[in-house]
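Below, each chain spelled out in residue letters.
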Amino acid sequence: MHFDAHLDTWDTYFGAPYTHGTPFRRAREENLFLDNASMHVGIRGPLYSREDLKNDADFGFKIIHCDEFQSEGIDKIVKRIRDRVGNNPLYLSIDIDVLDPSHAPGTGTPEIGGMTTREMLNVLRGLAGLNLISADVVEVSPAYDHAELTSLAAATIVYELTNLFAKNPA
Ligand SMILES: [Mn+2]
């Protein structure tokens, strides 16, 4: 389960195969995730190619667009995530730029129209009881931060992740 403004399934980024825009393409090539249980949450970033969405769908990703937090609300989105993951082992990868720049300005590729920290905390709490195996929080860049907003958001997300591990049924 991938929280991000961006798909991160590009083949190359500025001509390079191993970048922060390509990890899930490389992971797909190595069969590291299930193509019937994976999903992006919070997507709203720009596309670089006409094929981006098609390629992404071919890899098996479903998408919850960031605007759906307004149109559907937290409870429906949590249910869609839980239905998609089921009992499969869950790896949560959280790019801090899934949050709106007003909540997390300290990152390399900010995109307006993002999740609030409140939405993020409530979605994470809604995932309690899933078979969480591992997680990461990436793309925090303190040099671009203001008033430690991004650091506070990332640290609190990690704290919520430890709570999810504590509730892990395994
Ligand atoms: Mn991103």
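Further up the page is the structure itself.
If you're wondering where the values come from, they're calculated on a predicted model, not measured in any experiment.

Caption draft 1: The arrangement of the pattern of salt bridges in detail. This model, assessed by the stated rule, comprises nine salt bridges. Notably, a salt bridge pairs Asp 11 with Arg 25, separated by 4.0 Å at the nearest N-O pair. Of the two residues, Asp 11 is situated in the loop between strand S1 (2-3) and helix H1 (23-29) and Arg 25 in helix H1; the sequence distance between them amounts to 14 residues. For the salt bridge of Lys 79 with Asp 83, the shortest nitrogen-to-oxygen distance reads 2.6 Å. With a gap of four residues between them, Lys 79 and Asp 83 both fall in helix H4 (residues 74-85), about one helical turn apart.

Caption draft 2: The arrangement of the pairing of strand S5 (residues 132-138) in detail. Pairing between strand S4 (residues 90-95) and S5: six bridges, direction parallel. Its bridge partner lying in S5, Leu 92 is registered against Ala 135. The β-α-β motif built from S4, the intervening helix H5 (residues 117-125) and the parallel element S5 has right-handed crossover chirality.

Caption draft 3: Inspection of the coordination of the manganese ion at higher detail. Surrounding the manganese ion are the protein donor atoms Asp 4 (OD), His 6 (ND1), Asp 95 (OD), Asp 97 (OD) and Asp 97 (OD), at 2.2 to 2.7 Å. Exposure remark for His 6: the relative accessible area of 7% places this residue in the buried category. For Asp 97, a relative accessible area of 1% translates into the label buried.

Caption draft 4: How the structure looks around the nonpolar core. Core analysis: the biggest nonpolar cluster contains 30 residues, and Met 1, Phe 3, Ile 81, Leu 92, Leu 99, Met 115 and Met 120 have the highest contact counts within it. Here this core takes five residues from helix H6 (residues 149-166), the largest share from any one element. Other than its neighbours up to four places away in sequence, Met 120 contacts Phe 3, Ile 94, Val 98, Leu 99, Met 115 and Ile 157. Within the second largest apolar cluster, five residues are counted, among which are Phe 24, Ala 27, Phe 33 and Phe 59.

Caption draft 5: How the structure looks around the packing of aromatic side chains. Within this structure, the stated rule accounts for six aromatic pairs. On the basis of an interplanar angle of 80 degrees and a centroid distance of 6.2 Å, the ring pair of Phe 24 and Phe 61 is categorised as edge-to-face. Placement of the pair is Phe 24 in helix H1 and Phe 61 in the loop between helix H2 (52-58) and strand S3 (62-65), with a sequence separation of 37 residues. Under the relative-accessibility criterion, Phe 61 is labelled buried at 7%. Joined through ring pairs, the aromatic side chains of Trp 10, Tyr 13, Phe 14 and Tyr 48 make up one cluster.

Rules and cut-offs
Residues numbered from 1 in each chain as written. Predicted model: local features only at pLDDT ≥ 70, side-chain atom pairs only at ≥ 80, totals over all residues. Heavy atoms only, no water. Salt bridge = Lys/Arg side-chain N within 4 Å of Asp/Glu carboxyl O. Helix = DSSP H or I, 4+ residues; strand = E, 2+ residues; numbered from the N terminus. Pairing = 2+ DSSP bridges. Right-handed = clockwise from strand over helix to strand, strands pointing away. Donors = N, O, S within 2.8 Å, 3.2 Å for Na, K, Ca; no water. Buried < 20%, exposed > 50% of the residue type's maximum accessible area, 1.4 Å probe, protein only. Core = buried A, V, L, I, M, F, W, Y, C linked by side-chain atoms within 4.5 Å. Contact = heavy atoms within 4.5 Å. Phe/Tyr/Trp six-rings, centres within 6.5 Å; stacked < 30°, edge-to-face > 60°.

These results come straight from atomic positions and should not be treated as a statement about function.
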